[in-house]
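# Structural description and commentary
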Amino acid sequence: MDKEIYRAFLDDLTRILYVAAGFLLILSLVIRIINAVKVASIKDYKGKYDYLRTRENKMVWYSLLAFSIAVFLILNTFEKETVLISEWWFVIRMFIALCIATLIGYVGYLILKFYNPGRIQKKLDKWRYMPRISSAGNEMKLLSEAEEDVYLDEGMQAEENIFSVDYDVWVDEKTKEIKIEKYHGYLEVLKCGTCTFQTLKLREEEIIKPATETEDGELLKHYECTYCHSKRTTKHKIGKLLKSEKDFKLPIDYILKGERKVKSIMVEIISSKGERSEFYFQNKEDAARFLAEFEYDKSPVEE
Ligand SMILES: [Zn+2]
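This is a predicted model, so every value here is computed, not measured.

A separate point is unusual backbone geometry. One non-glycine residue, K176, adopts positive backbone phi at about 65°. Inspection of the secondary structure assignment puts K176 in the loop between β2 (165-171) and β3 (178-184). Unlike most non-glycine residues, T196 shows phi in positive territory, near 65°. Relative to the elements of secondary structure, T196 occurs in the loop between β3 and β4 (200-209).

In structure tokens:
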């Protein structure tokens, strides 16, 4: 390529990159400002809570993304004299810029995923337990779990009893004004289609067709509403059996119902020859059923 054309191209590109990077840096900042203004503008504490819970992490992530891309663009304006020597340096510079920007984005992502939830939780607790003010202007009192039941209807109590929803009841002791706020409970429970409370619980799992190494199996899940007692059944696929347990992986985010701190149960079987096999289960029922069914010759052979 003609040196002069190449130089003119680089000059133009540099100008465009500066403008684009400047725009992204401003955008990154604006997202953070909008986020802060939004939180401040929500008057209701429960509203602040809901916004922080659903939007905060996403907004910070968009802001970080805009910043990383801006860094990528700016790095592509560096070392112009070197890049003029050969087109190869143009490609190398772009590659290095991509590595650095990706690293910034990735480190940010890790912080958001592992550190930020704890920080957000602190803010959430602050807004959830900050004393509410009644319409008469009095400070309200948060009732304890034992005290609040009189103010909750049966459906709400049923939801609380299976930990699917947590209700906070605030009372103005002078005027008797009540404020009831709904929060996510400790366990994940489905919403009943009939009574619309979050009280649908898994009662039984039934394997109608066991999986083989070549074919998927089928599983029925029977649910029952603990409040209105309506029933629901859903059909699920069971993945093919794997030849080696090395391929066996638990879904990372799986949460045991009622055993949130238990990630998995491992059964280790050691043969008379000293060969060890490990099997993982999501709950003790599956582990017990497995042991009842287990015969050594049927176990998958490690290759
Ligand atoms: Zn129901």
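Moving on to the sheet that holds β3. One open sheet accounts for three strands, arranged β1-β2-β3; its pairing is antiparallel. Whereas interior strands pair on both sides, the edge strands pair on one side only; in this sheet they are β1 (141-142) and β3.

Averaged over all residues, the pLDDT of the chain is 82; the fraction at 70 or higher stands at 84%. Per-element averaging of pLDDT across the chain places strand β8 (residues 276-281) at the bottom with 70 and helix α1 (residues 3-41) at the top with 94. Confidence drops under pLDDT 50 across residues 247-260; counting only partners more than four residues distant or on other chains, this segment forms 14 contacts. Ignoring residues within four places in sequence, the model shows residues 298-303, a span with pLDDT below 50, making seven contacts including any to other chains.

Right, let's talk about the pairing of strand β6 (residues 231-238) for a bit. Burial analysis of β6 places just zero of its eight residues in the buried class, which makes it a mostly uncovered element. Across eight bridges, strand β5 (residues 217-225) lies against β6 in antiparallel orientation. Along β6, the bridge assignment pairs E224 with K231. Hairpin connection from β5 to β6: five residues lie between these consecutive antiparallel strands, with H229 at a positive phi of about 65°.

Right, let's talk about the nonpolar core for a bit. Judged by nonpolar contacts, A21, L24, I31, L64, A66, F67, A70, F72, L73 and A101 together constitute the single largest core of ten residues. Here this core gets six residues from one element, more than from any other, and that element is helix α2 (residues 45-75). Discounting chain neighbours no more than four positions away, the residues touching I31 are M59, Y62, S63 and A66.

Attention now moves to the sheet that holds β5. With antiparallel pairing, three strands are arranged side by side in an open sheet as β4-β5-β6. Every interior strand has two partners, whereas the edge strands, β4 and β6, have only one. With strand direction ignored, the average angle separating the axes of adjacent strands in the sheet is 25°. Bridge count for β4 against β5 is eight bridges, and the pairing is antiparallel. Directly across from E206, in β5, lies its bridge partner L220.

This brings us to the environment of I100. Residue placement: I100 occurs in helix α4 (residues 87-129). Placed 32 residues apart in sequence, I100 and S68 show a C-alpha to C-alpha distance of 8.7 Å. With sequence-adjacent residues up to four places away left out, I100 is seen in contact with V71 and L75.

Each pair of packed helices gets described by two things: the angle between the helix axes and the distance between those axes. Look at α2 against α4: their axes get within 9 Å of each other, and the N-to-C directions meet at 165°. Taken together, the axes of α2 and α4 are roughly antiparallel relative to one another. When the axes of α2 and α4 are compared, the crossing they make is right-handed. Its residues assigned to classes, the contact of α2 with α4 shows 20 nonpolar, five polar and five charged.

Let us look at the packing of α1 against α2. Interhelical geometry of α1 versus α2 gives an angle of 165° and a closest axis separation of 8 Å. Judged on the interaxial angle alone, α2 and α1 are roughly antiparallel. In this structure, α1 crosses over α2, and the sense of that crossing is left-handed. Taken together, the residues of the contact of α1 with α2 sort by class into 18 nonpolar, three polar and four charged.

This paragraph deals with the pairing of β3. Taken together, the seven bridges between β2 and β3 define a ladder with antiparallel strand orientation. Paired with V169 across the strands is I180, a residue of β3. Taken together, β2 and the strand that follows it, β3, pair antiparallel across an intervening segment of six residues, in which K176 is found at a positive phi of about 65°.

What counts, and where the lines are drawn
- Residues numbered from 1 in each chain as written.
- Predicted model: local features only at pLDDT ≥ 70, side-chain atom pairs only at ≥ 80, totals over all residues.
- Helix = DSSP H or I, 4+ residues; strand = E, 2+ residues; numbered from the N terminus.
- Pairing = 2+ DSSP bridges.
- pLDDT = per-residue confidence, 0-100.
- Contact = placed C-beta atoms within 7 Å.
- Buried ≥ 20, exposed ≤ 12 C-beta atoms within 10 Å, placed from the backbone.
- Core = buried A, V, L, I, M, F, W, Y, C linked by C-beta atoms within 7 Å.
- Axes fitted to C-alpha atoms, helices over the stretch in contact; angles between N-to-C directions.
- Parallel < 35°, antiparallel > 145°, perpendicular 65-115°, else oblique.
- Left-handed = near helix turned anticlockwise from the far one by under 90°.
- Nonpolar A, V, L, I, M, F, W, Y, C, P; charged D, E, K, R; others polar.

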